[in-house]
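Structural features, examined
What follows is the residue order along each chain.
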Amino acid sequence: ELDWRQFRSWDMATATCVSAKLPEEDECSKKKKVCIVHSKQLLDLAEKNPRFTGRGSLVHSLIEAYGLLNKLRILEPSLATKKELQTFHSSAYIHFLDTHNNDSSDDDDLLLLGAESEEAEVFGLGYDCPLFAGVFQCVSAVAGSSLTAASALVDGEASVALNWYGGWHHGRK
């Protein structure tokens, strides 16, 4: 038989955990510490990616429109260092991104380079994940934001930590 006292659901609008149990019985009835990693600089860097343009702004404007910002703690992101990036990716991949970061070519030329370069394809870069001016700063900002979110969880600053800017790459080790 189903015990309805075990029923729980996450209510994002109020950032609380709703439960059929009485509050004194349920650790979930306490407000969750929900954090979001965000800054104007992070948004600007993430939106340099031609496949991401507008997505970060849209998500952030929806969060604002629903009045969720006053229910979330905003975490200031940090930039991932090369050493931190190399924890997850090869030094060759990081070097490739860094080498193409300051390319002064037109963005269209960089998109073509990303789609046609055999070396870029080895790293999973191409049409879906193109090279673009500022790619290394973008990668560093997005990865650093994920590390900021992870640190908040590990340090107990947050029960839930969100990085809307992460998860858009297909880079390979």
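Here, the structure is the one placed above.
All of the points below concern the structure found in this document. (Residues numbered from 1 in each chain as written. Predicted model: local features only at pLDDT ≥ 70, side-chain atom pairs only at ≥ 80, totals over all residues. Heavy atoms only, no water.)

This structure, assessed with the given rule, holds three aromatic pairs. Look at Tyr-93 and Phe-123: their rings are 5.4 Å apart centre to centre, the planes differ by 50°, and that puts the pair in the tilted class. Of the two residues, Tyr-93 sits in helix 4 (residues 91–101) while Phe-123 sits in the loop between helix 6 (118–122) and helix 7 (135–154), which places them 30 residues apart along the sequence. Comparing Tyr-93 with Phe-123, the two get one shared label, buried. Residues Phe-96 and Phe-123 carry aromatic rings whose centres are separated by 5.4 Å and whose planes lie at 40° to one another, so their mutual orientation is tilted. Taken together, the positions of Phe-96 in helix 4 and Phe-123 in the loop between helix 6 and helix 7 put the pair 27 residues apart, joining distant regions of the chain. (Phe/Tyr/Trp six-rings, centres within 6.5 Å; stacked < 30°, edge-to-face > 60°. Helix = DSSP H or I, 4+ residues; strand = E, 2+ residues; numbered from the N terminus. Buried < 20%, exposed > 50% of the residue type's maximum accessible area, 1.4 Å probe, protein only.)

Quick look at the side chain of His-38 now. Mapping His-38 onto the fold places it in the loop between strand 3 (34–37) and helix 1 (40–46). For His-38, the side chain forms a polar contact with the side chain of Tyr-165, separated by 2.7 Å. Filtering out sequence-adjacent residues up to four positions away, His-38 remains in contact with Leu-43, His-60, Ile-74, Leu-75, Glu-76, Pro-77 and Tyr-165. (Polar contact = N/O pair within 3.5 Å; in protein donor to acceptor, adjacent residues only side chain to side chain. Contact = heavy atoms within 4.5 Å.)

What follows concerns the pattern of salt bridges. In total, this model carries three salt bridges according to the counting rule given. With its nearest N and O atoms 2.8 Å apart, the salt bridge here joins Lys-40 to Asp-44. With a gap of four residues between them, Lys-40 and Asp-44 both fall in helix 1, about one helical turn apart. Using a relative accessible area of 55% as the deciding quantity, one classes Lys-40 as exposed. (Salt bridge = Lys/Arg side-chain N within 4 Å of Asp/Glu carboxyl O.)

Moving on to helix 2 (residues 55–65). Taken together, the buried positions of helix 2 are Gly-56, His-60 and Ile-63. All buried residues of helix 2 project into a common sector of 55° when viewed along the axis, lining one side. Within helix 2, the exposed residues directed more than 90 degrees away from the buried face are Leu-58 and Ala-65. (Arc of directions from axis to C-beta.)

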